[in-house]
Amino acid sequence: MLLALFDGFAFGGISVNVGLGGSTGSSGHGATKSSALWDYLPDLGLPVLYGAKDTHLLGQHTVRMSPISTAHLNPYGETFCLPTSNSHVLIPLLLNNTSPIGVRYSLTPLAYSESSRSSGKIEYLELSAKELRAIEQSRVEQLQLVRAAAAKKEHDEYDEYDDDEEEDHAEPTGHGNLQKTQDMTYIRLTKPGTLRLERVVDHSNVDARLLLPREVTVVPCPRAEFTSESMAQVKEVRCATPRLASGAGEELQLGINIFGVPPLSLRWTREVGSRRESFMVEGIEGAEHEHQAHSEDDRRVSSGPGQRAPTEVKVPLTVLLDALGTHTYKLESVTDAMGNVAHAGEHVGTDVASRKISPYQASTRSVTVLRRPSVSFKHCGPGHPASLLIGAEAPLTISTVDADTIDAPWDVSVRYDPPTEDGKPSKRYKGWTKTLETQGERKELTLRASAPGEYTIVGVHGEYCEGDVLSPETCKVVERPLPTAEIEWKKIHECSGDTGVSAALVLHGTPPFQVYYRQQRDSEPARETSKTFASSRGELTLQPERSGHYTFKFTQLSDANYKKTDLKGPSIELDVHPPPAADFVRAPQSGRGKKSISSCAGNMVDVDVELRGTAPWNVEVQIVGPKGSEVIPFSGIETPKKTLSLPIPKSIDRDGGAFEIDLVSVEDAYGCKRTLSVPGVAVNVRRVLPTVKFYGKADQRHVTVLDHEQAVLPLRLSGEGPWRVKYHTQEAPGRTLSATLRSPNDELRVNGKGTYELLEVSDSQCPGTVVSGEATYRVDHVARPLAKLSSDVQATYERFNGSHILPPICESLSDHVDLDLTGRPPFQIMYNIAKDDGFGATKLLDQPTFSSIQPRTRFQLRTSEPGRVYYEVKQIGDAAYPLAKNKDAIIPRSERLLFEQQVLMRPSARFKNHNRMSYCLNDILTAHDTAGADGLVALEGTPPFQLTVSVRNLAASEVYTETLELHDTVWRVQLPHYTFRSIGPHQVTIESVQDASRCEQVAPDPLYRSIWVDVAETAAIIPFSRREDYCVGDVIPFQLEGTPPWTIGYRINGKLHTQEAKISPWSVGAAQAGELAITSVAHQQKMCKTAVPDLRYAVHALPAAQVGHGRRIVQDIHEGDQAEIVFTLVGEPPFTFTYQRAELSPRKGVQGRVLETHTVSGVTTKEYSIFSALEGTWTITSISDRYCRYPPTQDTQEKSR
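Remember, it's a predicted structure, so these values are computed and weren't measured experimentally.

Turning to the overall build of the protein chain, a few remarks are in order. Within the protein chain, the secondary structure is distributed over 10 helices and 94 strands. Within the protein chain, the proportion of its 1201 residues that are buried is 41%. Counted over contacts in the protein chain with a minimum sequence separation of 6, partners at least 24 positions apart contribute 71%. Working note: accessible area of the protein chain is about 66,000 Å², and carbon and sulfur atoms make up 49% of it.

Structure representation (structure tokens):
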């Protein structure tokens, strides 16, 4: 935004208007105060264009006195060690205020002795600047590789040494927090020894001061791993001691190789199950430390820990296996005398490395102590033998107890001893011994025994450990015999002959028993049945109900062990003659527990009997009346089912009543006669039939109900309930309805109107009759209320949609229709009001309800909005059918009253806005802008329109009126017959509007009924000053005459610009060097334009100055030296410039305190130099040439004016 604002100033898009006194018509230019563009930049929120970022005053020259340079070896006091003979370490060297070209250092071997040539010699080495840069480049590349590898490992399996490797290759803490004057370089060391810093020389061939300490000792990295002998000797799995629950008492010998500069310390842990213990051993040294003799010089040299040579120590470790589970011994870390800490197994010896053993294997030993497995038989033992069925196998389960799954699978040895026969070994079976193996980690196995005898577990052995045999270790298998039966048949004989058989059974086996037998009659298919016996003795009786030749045979026998074993038992055949029997059938049960029938007509009653035995039968039936009884015989009955017709006692037949029928005896074809005691039959004799009729006189059998209510029709019934009545309506005779009634005075509940007629009746015993003349009842409905348009309403009926079309009406005029209502007042009418939505559909506006107490009511129409309005009567309620209780009783859409009306829009005319319009004197009142909304009139209604407008000249008190006919809904003010003859305001007013509907126009809005037109003379522009020369950045003020706003045209170096001014005076900024000329001025929105021929000005560029050719120069000098500061001047000589020296600032971008300021005048050349031995920063603050000064001052501008 600031750049856009400055661009407006620089290229004529924006000017600053400053009113500083004086009237518009005054010609005293000396009273008007002008100002340059630079004076207004702070007020506009823009930065002043001079200072550190000023393009006119560029560059600075800083002179610094070089401080003392230092070098510090190993500034962070780190320890270093070499993991292998091929590895190297980087020793940091911290430099301050120096850039070395050479580093000299010495390397003394470990345990160096001047008296011993075998201890090695001191080496002196030098590193050049190129070698130092190569070391740094290699370090950066290696660091990048490590970081890339670490990123790639993120998805790999985590390793416990990953974090340590990253720490070893990462930079130490604090290396990245160096000061500006500090730098870090590194010395690469590939062999152990004591490094001593001798000399550091910078590019000035000056030695840097060496800070203490100047030495650092690098030793081989310490290491610790289990010996290769312990790797080979230690077994990973051990077994617990017999008869003990743990492995207490057994020891394990482990050996540890430790290497490093003594004294050494070792950390290790022991983990048994979830218990973890940590241990630490310190002061580990070799045997030579105690026995080796040293000279005086050796003692002096070896006084420090870093002067001793590394040694290898073998340490024995005895551990006790005192608990079951996994014992894990892990070497954690080893620390040497220098403080170097290494994880155990991280750096392995040559013998271990040659075997390609992982760090984990070298530092960890695990021993698992397993419990001894124990086995026994399950679900079998002394007193509980296993059962063996003939031809099958007996599964024997052997289960392991207290066994570890790591010891699986287990081998179990089993011995088989066959049974003895009379004390002698069995010849049928032979003994054996087998070894069985469990499957996977399963702790049970199944031995399938196919022979009786004794099975004994001899021993058990797992993958690693031998186990124990627990009790029960012996399982006896006994062979179970097949079940058998002893059967004795016996015939059952009665008077008719053999009636069946009975069987006495003695069963051998294991109860319960199930006996299967087969029964066959003549040539019919055999039928197999079974019976269960809980004990060893049982009896079975079979007596068929039908006669014939029967065969009975036992086929199979089951006990607890065997299923359906074949029986070769005896069978029996005989001719069965069942004894005769008889009973009543097909009669409902009476309340007294006897069978009951009814007789409604006739002197005979029929009863059905069922006979069993051998035909033909003779039956005796007894009739028991209120005063006596009679036995009636029936002989020669050939069928098993027979209907007997029996006489009703005369007294009961005449008057009605009840009597009983009993079966006395039955005799079959063999003369076998049996007395019967079956329940009899109760007979109810009815001589009065049931009747039904509607209650009430003929003129009273009528009821009127609401159409949704049930009608209750009273009945009168005779007979014994319940009754079953059938009826229909005379309007629908083909549809028969029925109802069950419980009371003699019950009611018939019906739905729907019509004449109901009774058809049939029957009670609980007999059918009856309908009483003639009283079989009909009339039901009518109360009519629902209706509404229709009154005959006085003028409407056109449209058959297409059933709508009544009312005459159209103008918007907001009151209108109504009259409705004729039929029903029981008061009435409630619910109706829908809808309107066209403009897209071919209708939109529901409201659903009101109004009430009326009269049969004719006035219905008010809605005319507040234009459009087609639809009215639809949805529901009508009255006293009988109130809407509150009949919300669901909606009039069907085809029966609803529908009427509609077109509401015509009232015409209106208004201006789109009330912006003032500007014209010049003698202009015709026509539109200047055909795209904008100024002077645009919007019309609403039905074209064509009759629009009357007037133009009022306030200065001359004249009014011009004109009426136009328009066929569009918009009109732009266009009165070609009217010309502005005087200046000043004019008012254009809409007087009236009328459309094709001839409706009265809408009341006009006073704010948009008229607009104002300003008529003005030509504009003028007058300068405030007579100056012809200006500098870039100056502001040239002008006085404007006319009516705002003004449009000023001007030219800068041949390029035309225009600018709008809303107030006078107006100013233009001189932003470019060259010629600036005012060409034209207009007012009244760019109208009434006037050409300006003689306003031209010369604009000169601002001078510029540079220090150090516009760059930021930083120069370091030593005491006694001088620095040359060069100033470059740009512009028209002679020049005058001011420079200053400021102290050095510790904060970037902040100028220090000014120490001195100087002004140089009369410089005719464009380059000027000074020499100084002082420290500070030189900058230029101002410059002047022949025409201009930068930065310009207020006094200079006032003087130039």
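To continue, consider the sheet that holds strand β92 (residues 1167–1172). Across the sheet, four strands lie side by side as β1-β87-β89-β92; this open sheet has mixed pairing. Of all the strands in the sheet, the pair left with one neighbour each is β1 (57–58) and β92. Relative to β92, strand β89 (residues 1123–1130) runs antiparallel, the two being bridged by six bridges. By the bridge assignment, Thr1128 is partnered in β92 with Glu1167.

Bringing the side chain of Ser982 into the picture now. Inspection of the secondary structure assignment puts Ser982 in the loop between β76 (975–979) and β77 (984–994). Side chain to side chain, Ser982 and Asn953 meet in a polar contact 2.9 Å long. Contact partners of Ser982, with chain neighbours within four places excluded, come to Leu921, Asn953, Ala955 and Val1015.

Under the counting rule described, the total for this entry stands at 40 salt bridges. The closest approach of N and O atoms between Arg518 and Glu528, which form a salt bridge, is 3.7 Å. With Arg518 in strand β34 (residues 513–521) and Glu528 in strand β35 (residues 527–533), this pair connects stretches of sequence that are 10 residues apart. Classification of Arg518 by relative accessible area gives partly exposed; the value is 33%. Using a relative accessible area of 43% as the deciding quantity, one classes Glu528 as partly exposed.

Here the focus is the nonpolar core. Grouped together as the largest cluster of nonpolar side chains are 44 residues, with contacts concentrated most on Ile1021, Phe1038, Ile1048, Trp1066, Ile1078 and Phe1137. Membership of the second largest hydrophobic core comes to 26 residues, among which are Ala582, Ile597, Phe634 and Phe659.

It is worth spelling out the state of the cysteines at this point. By the definition in use, this model includes six disulfides. Disulfide partner of Cys81: Cys221, at an S-S distance of 2.0 Å. Judged by the torsion about the S-S bond (85 degrees), the Cys81/Cys221 disulfide is right-handed. Pair noted here: Cys81 is in strand β4 (residues 80–82) and Cys221 is in the loop between β11 (215–220) and β12 (223–226), with a separation of 140 residues, a long-range link. Judged by its relative accessible area of 4%, Cys221 falls in the buried class.

Now for helix α2 (residues 129–152). End to end, α2 covers 35 Å across 24 residues, agreeing with the expected 34 Å (1.5 Å per residue, within 8%). Restricting attention to buried positions, one finds in α2 the residues Ala129, Leu132, Ile135, Arg139, Leu143 and Val146.

This next bit is on the environment of Glu437. Topologically, Glu437 is positioned in strand β27 (residues 432–437). Setting aside residues no more than four positions away along its own chain, Glu437 makes contact with Pro409, Trp410, Asp411 and Leu445.

It is worth spelling out the sheet that holds β27 at this point. An order of β22-β31-β29-β24-β27 is seen for the five strands of this open sheet, with the pairing classed as mixed. The open sheet is flanked by β22 (386–389) and β27, the only strands paired with a single partner. Averaged over all pairs of adjacent strands, the angle between their axes in this sheet comes to 30 degrees, without regard to strand direction.

Criteria and thresholds
Numbers given to residues run from 1 along each chain, matching the order in which its sequence is written. Local features in this predicted model are restricted to residues whose pLDDT is 70 or higher, and side-chain atom pairs enter the listing and the counts only when it is 80 or higher, whereas totals over whole chains, interfaces and linings include all residues. To get the side-chain values, all heavy atoms of the structure are used, and hydrogens and water are removed first. A run of DSSP states H or I qualifies as a helix once it reaches four residues; a run of E qualifies as a strand once it reaches two. Both are numbered from the N-terminal end. A 1.4 Å probe rolled over the protein chains alone gives each residue an accessible area, and that area as a share of the maximum for its type sets the label: buried under 20%, exposed over 50%, partly exposed in between. What makes two residues a contact is simply this: any of their non-hydrogen atoms within 4.5 Å. Every accessible area reported is derived by Shrake-Rupley at a probe size of 1.4 Å, with residue values counting cover from the shown protein chains alone. In this scheme, strands are said to pair when DSSP sees at least two bridges between them. Between N or O atoms, a polar contact is any pair within 3.5 Å; within protein, one atom must be a potential hydrogen donor and the other a potential acceptor, and residues adjacent in sequence are included only when both atoms are from side chains. Only one rule defines a salt bridge in this text: a Lys or Arg side-chain nitrogen within 4 Å of an Asp or Glu carboxyl oxygen. Grouping buried Ala, Val, Leu, Ile, Met, Phe, Trp, Tyr and Cys residues that are joined through side-chain atoms within 4.5 Å yields what is termed a nonpolar core. Two cysteine sulfurs form a disulfide in these notes if their separation is within 2.5 Å. Multiplying 1.5 Å by the helix residue count minus one yields the expected span of that helix. Here an axis means a line fitted to C-alpha atoms, over the contact stretch when the element is a helix, while the angle between two N-to-C directions is reported on a 0 to 180 degree scale.

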